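Fold and contact review
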Amino acid sequence: MEESSKAYDAKQVEDKIYKLWEDSGFFSPDNLSGTQINADKTRINADRIRDNQRRIRVNPRVNGKPFTIIMPPANANGNLHAGHALVMTIEDIMVRYKRMQGFKALWLPGLDHAGFETQVVYEKKLEKEGRSRFKMEPQELYQEILQFTLENKKNIEGQIKKMGASCDWSREKFTLDQDIVKIVYETFEKLHNDGLVYRGRKIINWCTKHQTSLSDLETIDSEQTDKLYYLKYGPFTIATARPETKFGDKYVVIHPKDPRYANYKEGQKLALEWINGPIEATVIKDEAIDMEFGTGVMTITPWHDAVDFSIAQKHDLDKEQIIDFYGKLLPIAGEFSDMKIGEARAKIIEKLQAKGLVEKIDQQYKHVVKKCYKCETLIEPQIKDQWFLKMAPLAKPIIELIEKNKVTFIPEHYKKISLHWLRNIVDWPLSRQIVWGIPIPAKSCEKCGYTLVETEVIRGPTSDSLSDVGPRMAVCDRCGGTMKKETDTFDTWFSSGQWPFATLKAGKKDDFKTFYPTDVMETAGEIIFFWVARMLMLGNYITKKIPFTTVYLHGLVLDAKGQKMSKSKGNVINPLDITEKYGTDALRLGLVIGNTPGTSLALDENKIKGYKHFANKIWNATRFVLLNQPTRIDADSNADLRGSKIVLSARQKKHLQELKKLIKETTKLMDNYKFYIAAEKIYHYFWHTFCDTIIEESKSALADSTESRGNSRGITQKLKERQATQYMLLEILSTSLKLLHPFMPFITEEIYQQLPLKNKKECLMIEEWPT
RNA sequence: GGACGAUUAGCUCAAUUGGCAGAGCGACUGAUUUACACUCAGUAGGUUGCAGGUUCGAGUCCUGCAUCGUCCACCA
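The shown structure was predicted, so the numbers you read here are calculated from the model rather than taken from an experiment.

With that settled, consider the overall build of chain A. Each helix and strand in chain A was counted, giving 22 helices and 26 strands. Scored against the burial criterion, the 771 residues of chain A give a buried share of 57%. Put simply, 78% of the contacts in chain A that link residues at least 6 apart link residues at least 24 apart. By element, 49% of the accessible surface of chain A is carried by carbon and sulfur atoms, the whole surface being about 33500 Å².

Given below as structure tokens:
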């Protein structure tokens, strides 16, 4: 340690060390086939020390076996946030640990175009510039978002490196890469051929702001208090919170067993006065009606309500659109047509009141409404032709596999959560009305609905054309109608749902064979349904194998007070700022210690500051050990010492045994994914045992021997003691660095590079995990 | 309405699966200039949310309750 600075300076080290790793090639498993084990063993003074306690054993069971983690593809639409930092830290810990154990460790990085998410981000940007996507040509918009995404992609890649991620950049994938898109299309085609994909005219969640449909997962429930209006509908009174949808209501539904309405027969016609004049209503009986609610009678609006839609489907009733896709009333509303629903509601009630049709108004009606998870605009259910994926057949085998514990969930309770969701799964609306995504490669007949999937033309990130997917086919084979090319894109999760097998199949030769199924899927508990469940289903459907055997789910990263980070609250912790201030290793420790899987973590800057101090402690302990290593003068001053065996004192042997115990415990904890305890244990050992006890104890033995009196035999004894101490200190230091490496890769590597070890490896990253 | 968590020191959380309740931060007292003030030695701080039960033994398992949180669900 030439400069021998008293403080560890992360800034001077990190980029240099990352480059060292990248240049070494050991991020790639191709360069790992047991090489890190087969190379000369790292032995401290190996040629002259035979210490049984430190015999390195190669574990043949482990040597050269693959270990694979597919990185959750980060959204390429912004900067690395605290959640990403946690992903990078946990996964890097797993991979570095396994790599040191001799596995052919592959951590495959990737990025996601993140369809809707990115488009929303970009639309906000457009808004700020006073522009709108609805005034742009689709091609133009696509090109702009593409540029934006590619810039962010580069940006994020740099930030991932900053976190110390030891992933194999030579295998990096992007969801819009041509080879990935090709695989996505093949999957879609197979699903279509198997009858699992269908185009259906069903009720969907429509966001009037973003002009797209959304899956149930992309909506949030919001409880609010509204007025509940009791309206006279012929002989009945109906209750509704949404009078503005009622223009087309011509079916009145009652429970078949309701004694109050037993006189009314199914299908009976009634003439009655309604909002804009006389209409004819038809009586329908259905058990979906809750006799307890309101008056036990309701009219239905199948186009704009999911319950009503299902009743209408069941009884084959007419459906009529009342509200357009921008949230405005259609001509059916007569004088109210073209009004926004919010504005229309009060006016409609006024009119109804004037006509004497309002019986009463309940002012305090609490109910739950759906909102767009991005902009919180009220979701307007609409009937629309959409592509759907039948989920039940895909879920069935996964339910069985989970029940048989073929997938391990960490923490365990996610097993129940997953099973519950899978058992109640509904069909997945795959299509989105946005330009930023993978185009759905299909045509459908406007007349008979016949669909044709065409996968020939692939659009990758470098392609500049949105048009012409597949050969034209103007006329429907079946009925002679017009075939219309699909303009919708896939839900982004449809492509990321295929990520584990898609990335490996699109990878180097034999990658799929070697690394699939993968070992661990580590991601946020939040996206278990969005992503994990869908990967299991799609992965198993295509490959007949479960895509990963262990699912490790982490929680949210919160601010120091346990509040969710958000830009509006101004409590967002930018991991790169932290890195800048305290060093990446400190941030990594702060993210992992005290963070149990599945639970959220309050990230306190003070805590990270504490781990910066720890980094400094390691730095200074190293300085002490190195300052006290044997010098030429030591070796020359007493010929008796040359070639002599190290003789450890009983106390020193005990220290080494304790180290052994630490290794054993740490290894067990690492194997059980208890990184939060493992890290803390090593931390505690290093600081309070190694530094506070062992180093302090060593000082007398290391003191200048010229002060010791007595004969030459005494001096030799003294030198022997010193030599043993020097050996022990270096031994404990280097072993501790190995244990710490997965957690704090930068400082440990930097120090390793400077240690006077014999048979040193090219880098600590490929050193052998101690046993 | 259903499901799943959580509740332990002032704060943030552990407790390697039933075996002496522990860390970090913070607080307090003191030390010290030859690895480190980004230091060291020490102190205080707990009826583990409440009430029962099982057990030689319960923070941990069972039952009930309370509070908080999250997810799921089509009551107009």
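After that view, the rundown keeps rolling.
This structure, assessed with the given rule, holds 35 aromatic pairs. Ring centres 6.3 Å apart and planes at 85° place the aromatic pair F188 and F494 in the edge-to-face group. Placement of F188 in helix 6 (residues 178-193) and of F494 in helix 11 (residues 492-496) is noted, with a sequence separation of 306 residues between them. Taken together, the ring pairs in this structure connect Y185, F188, W387, W428, F490 and F494 into an aromatic cluster. Lying across the ring of Y541, K190 places its NZ or CZ 4.9 Å from the centre. Note that K760 overlies the ring of Y752, its terminal NZ or CZ placed 5.6 Å from the centroid.

Here the focus is helix 9 (residues 392-403). Counting along an α-helix, one turn takes 3.6 residues, and residues three or four places apart therefore face a common direction. With 12 residues, helix 9 should reach 16 Å at 1.5 Å per residue; the first-to-last C-alpha distance of 16 Å fits that figure. Of the positions making up helix 9, those classed as buried are L394, A395, I398, I399 and I402. Viewed along the axis of helix 9, the buried residues span an arc of 130°, placing them on a single side of the element. Buried residues in helix 9 make contact with helix 6, strand 15 (379-389), strand 16 (408-410), helix 10 (414-423) and helix 14 (528-543). Positive backbone phi, at 60°, marks N405, one or two positions downstream of helix 9.

The next point concerns unusual backbone geometry. Geometrically, the link from I410 to P411 is a cis peptide bond, its omega value of -5° lying close to zero. Note on placement: P411 falls in the loop between strand 16 and helix 10. One non-glycine residue, A114, lies in the positive phi region at around 55°. The phi torsion at N759 lies on the positive side, around 55°, for a residue other than glycine. By secondary structure assignment, the location of N759 is in the segment after helix 22 (745-754). Classification of N759 as partly exposed rests on a relative accessible area of 38%.

Glancing now at the packing of helix 9 against helix 10. For the pair helix 9 and helix 10, the least separation of the axes is 10 Å and the interaxial angle reads 155°. By the angle between their axes, helix 9 is roughly antiparallel relative to helix 10. Relative to helix 10, helix 9 is oriented so that their crossing is left-handed. Where helix 9 abuts helix 10, its residues A395, I398, I399, I402 and E403 lie against K415, S418, L419, L422 and R423. Along the lines of polarity and charge, the residues of the contact of helix 9 with helix 10 split into six nonpolar, one polar and three charged.

Its 14 residues give helix 8 (residues 341-354) an end-to-end C-alpha distance of 20 Å, which sits within 8% of 20 Å, the value for a rise of 1.5 Å per residue. Those residues of helix 8 lying buried are I341, A344, I348, I349 and L352. Buried residues of helix 8, viewed axially, fall in a sector of 135°; they line one side. Facing away from the buried surface of helix 8 by more than 90 degrees, the exposed residues are E350 and A354.

Our focus in this paragraph is the protein's contact with RNA strand B. Not every one of the 42 residues close to RNA strand B is listed here, only the nearest: D290, F293, Y365, T596 and W687. Protein-proximal atoms of RNA strand B, defined as those within 4 Å of the protein, fall in sugar or phosphate at a share of 61%. Side-chain polar atom of E696 to a base nitrogen of RNA strand B: 3.0 Å apart, as the coordinates give it. Ranked by residue count, the leading element in the surface near RNA strand B is helix 20 (residues 675-702), at 10 residues. Taken together, the residues of the surface near RNA strand B break down into 18 nonpolar, 11 polar and 13 charged.

Okay, the environment of P138 next. Along the chain, the position of P138 falls in helix 5 (residues 138-162). We classify P138 as partly exposed; its relative accessible area is 42%. As for P138 and I434, which are separated by 296 residues in sequence, their C-alpha atoms are 8.9 Å apart.

Our next topic: the environment of S28. Tracing the sequence through the fold places S28 in the loop between helix 1 (10-24) and helix 2 (35-38). Residues S28 and R171, 143 residues apart in the sequence, show an inter-C-alpha distance of 8.4 Å. When near neighbours in sequence (up to four residues on either side) are disregarded, S28 contacts D168 and R171.

In this section: the pattern of salt bridges. For the coordinates displayed, the defined rule picks out 45 salt bridges. A salt bridge links D23 to K19, with the nearest nitrogen and oxygen atoms 2.8 Å apart. Placement of both D23 and K19 in helix 1 is noted, with a separation of four residues, approximately one turn of the helix. Taken as a pair, D23 and K19 share a single burial class, namely exposed.

This part takes up the pairing of strand 12 (residues 277-285). For a regular strand, the rule is simple: side chains alternate between the two faces of the sheet. Examined bridge by bridge, strand 10 (residues 251-254) and strand 12 share four bridges and lie parallel to one another. Within strand 12, the position partnered with I254 by the bridge is K285. Hairpin connection, strand 11 (residues 269-274) to strand 12: the antiparallel pair is bridged by two residues.

Attention shifts here to the side chain of S496. Examined against the element boundaries, S496 turns out to sit in helix 11. Classification of S496 as buried rests on a relative accessible area of 0%.

All right, on to the confidence of the model for chain A then. Of the residues in chain A, 90% reach a pLDDT of 70 or more, and the chain-wide mean stands at 87. Confidence scores differ between elements of chain A, with helix 2 showing the lowest mean pLDDT of 43 and helix 12 (residues 499-505) the highest of 98. Of the regions scoring below 50 in pLDDT, residues 35-61 engages in 61 contacts with residues more than four places distant in sequence or in other chains. Low pLDDT, under 50, characterises residues 458-470; the predicted model gives this stretch 44 contacts beyond four residues in sequence or across chains. Taken together, the chains of this predicted complex give a pTM of 0.91 and an interface ipTM of 0.93.

Once that is clear, we can look at the pairing of strand 6 (residues 197-207). Summarising burial for strand 6: eight of the 11 residues are buried, a large majority. Bridge analysis of strand 6 against strand 15 gives 11 bridges, and the strand direction is antiparallel. What sits directly across from V197, in strand 15, is L389. Sheet topology note: the strand 6/strand 7 (residues 212-214) ladder contains three bridges and is antiparallel. Along strand 7, the bridge assignment pairs W206 with S213. The loop that links strand 6 with its antiparallel partner strand 7 comprises four residues; one of these, Q211, has a positive phi angle of about 55°.

Time to look at the sheet that holds strand 12. Spatially, four strands are ordered 11-12-10-13 in an open sheet, and the strand pairing comes out mixed. Of all strands in the sheet, those with a lone pairing partner are strand 11 and strand 13 (297-299), marking the two edges. Taken over all neighbouring pairs, the strand axes of this sheet differ in orientation by 35° on average, direction set aside. Sheet topology places strand 10 next to strand 13; three bridges connect them, and they run antiparallel. Looking at the pairing, V253 lines up with M298 of strand 13.

Conventions used here
Note on numbering: residues in each chain are counted from 1, in written sequence order. Here chains are named by letter from A upward and ligands by number from 1 upward, in the order in which they appear as written. Given that this is a predicted model, residues contribute local features only at a pLDDT of at least 70 and side-chain atom pairs are listed and counted only at 80 or more, while totals for whole chains, interfaces and linings are drawn from all residues. Where side-chain values are given, they derive from all heavy atoms of the structure, hydrogens and water being excluded. Each helix corresponds to a stretch of at least 4 residues labelled H or I by DSSP, and each strand to a stretch of at least 2 residues labelled E; elements are numbered beginning at the N terminus. Each residue is placed in one exposure class: buried if its accessible area under a 1.4 Å probe, protein chains only, is under 20% of its type's maximum, exposed if it is over 50%, and partly exposed if it falls in between. The contact criterion used throughout is that any non-hydrogen atoms of two residues lie within 4.5 Å. Per-residue and other accessible areas follow the Shrake-Rupley method at a 1.4 Å probe size, with only the shown protein chains counted as cover for residues. We call Phe, Tyr and Trp rings a pair once their centres come within 6.5 Å, taking the six-membered ring for Trp, and we label the pair stacked below 30 degrees between planes, edge-to-face above 60, and tilted otherwise. Charge over a ring is defined by NZ of Lys or CZ of Arg lying within 6 Å of the ring centre and within 35 degrees of the ring normal. Given the number of residues in a helix, its expected span is that number minus one, multiplied by 1.5 Å. Directions drawn from the helix axis to the C-beta atoms are what define this arc. To get an axis, fit a line to the C-alpha atoms, keeping to the stretch in contact for a helix; angles then go from 0 to 180 degrees between the N-to-C directions. Angles are sorted into four bins: roughly parallel if under 35 degrees, roughly antiparallel if over 145, roughly perpendicular if 65 to 115, and oblique for all others. Note: crossing handedness is left-handed where the near helix turns anticlockwise from the far helix by less than a right angle, and right-handed where it turns clockwise. Three classes are used, and their members are as follows: Ala, Val, Leu, Ile, Met, Phe, Trp, Tyr, Cys and Pro are nonpolar, Asp, Glu, Lys and Arg are charged, and the others, Gly among them, are polar. A cutoff of 4 Å decides nearness: a residue is near a molecule or strand if any of its heavy atoms lies inside that distance of it. Polar contacts, as counted here, are pairs of nitrogen or oxygen atoms within 3.5 Å of one another; within protein the pair requires one atom able to donate a hydrogen and one able to accept it, and residues that are adjacent in sequence qualify only if both atoms are side-chain atoms. Each salt bridge in this description consists of a side-chain nitrogen of Lys or Arg and a carboxyl oxygen of Asp or Glu lying within 4 Å of one another. Strands qualify as paired when DSSP identifies two bridges or more between them. Per-residue confidence from the prediction method is given by pLDDT, with values spanning 0 to 100.

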